[in-house]
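Next come the chains, spelled out residue by residue.
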Amino acid sequence: STQHLNDVDGLIYGDGALPRKLKLLIALAFDAAHGAANGVRALAAAALQAGATKQEIAEALRVAYHLAGVGTLYTASQGLKDLP
């Protein structure tokens, strides 16, 4: 159900020892590293809404690229191409 998804979202991505925007940037890096362009798109939008900057998104993706390789950049470019 939608309520269940919202509850899980709050549990996983809610502010805690790590702020919400950082958790979203970590998830974004994972999705980019794993080829999930739609996830990159959704998580980038959520991260921006949570106060992340485009520079912070770029740095998170740079780390993912360093660890997971060039495919990360392709996925990121696909996921971010329509980001305002």
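Our structure's up above, just so we're on the same page.
Conventions adopted
- Residues numbered from 1 in each chain as written.
- Predicted model: local features only at pLDDT ≥ 70, side-chain atom pairs only at ≥ 80, totals over all residues.
- Heavy atoms only, no water.
- Helix = DSSP H or I, 4+ residues; strand = E, 2+ residues; numbered from the N terminus.
- Contact = heavy atoms within 4.5 Å.
- Core = buried A, V, L, I, M, F, W, Y, C linked by side-chain atoms within 4.5 Å.
- Buried < 20%, exposed > 50% of the residue type's maximum accessible area, 1.4 Å probe, protein only.
- Salt bridge = Lys/Arg side-chain N within 4 Å of Asp/Glu carboxyl O.
- Axes fitted to C-alpha atoms, helices over the stretch in contact; angles between N-to-C directions.
- Parallel < 35°, antiparallel > 145°, perpendicular 65-115°, else oblique.
- Left-handed = near helix turned anticlockwise from the far one by under 90°.
- Nonpolar A, V, L, I, M, F, W, Y, C, P; charged D, E, K, R; others polar.

### Details of the environment of Ala-60
- Note that Ala-60 resides in helix 4 (residues 54–68).
- Spatially, the C-alpha atoms of Ala-60 and Gly-16 are 19 Å apart, while their sequence positions differ by 44 residues.
- Here Ala-60 is in contact with Leu-25 and Ala-29, once residues within four sequence places are set aside.

### Structural notes on the environment of Tyr-74
- Secondary-structure assignment places Tyr-74 in helix 5 (residues 71–80).
- In the structure, Tyr-74 is positioned twelve residues away from Arg-62 in sequence and 12 Å away in space, judged by C-alpha atoms.

### So, the nonpolar core
- By size, the foremost hydrophobic cluster in this structure holds 16 residues, and its most contacted members are Leu-24, Leu-25, Leu-28, Leu-43, Ile-57 and Leu-61.
- Taken together, the elements giving at least two residues each to this core come down to helix 2 (20–33), helix 3 (37–49) and helix 4.
- Other than its neighbours up to four places away in sequence, Leu-28 contacts Val-40, Leu-43, Ala-44, Ile-57 and Leu-61.

### What to know about the pattern of salt bridges
- Across all of its chains, the model carries two salt bridges by this definition.
- Across the pair Asp-9 and Arg-20 runs a salt bridge whose closest N-O atoms are separated by 3.4 Å. Note that Asp-9 is positioned in helix 1 (residues 2–13) and Arg-20 in helix 2, a separation of eleven residues in sequence.
- The exposure class of Arg-20 is partly exposed, given its relative accessible area of 26%.
- Across the pair Glu-56 and Lys-21 runs a salt bridge whose closest N-O atoms are separated by 2.9 Å. Of this pair, Glu-56 sits in helix 4 while Lys-21 sits in helix 2, placing them 35 residues apart in sequence.
- For Lys-21, a relative accessible area of 24% translates into the label partly exposed.

### Here we look at the packing of helix 3 against helix 5
- Two numbers describe how helix 3 lies on helix 5: the axes approach to 7 Å, and their chain directions differ by 55°. As judged from the angle between their axes, helix 3 and helix 5 are oblique. Both helix 3 and helix 5 take part in a crossing whose hand is right-handed. Residues Ala-37, Val-40, Arg-41 and Ala-44 of helix 3 touch helix 5, and the partners they reach there are Thr-75, Ala-76, Gln-78, Gly-79 and Leu-80.
- When the residues that make up the contact of helix 3 with helix 5 are grouped by side-chain class, the tally is five nonpolar, three polar and one charged.

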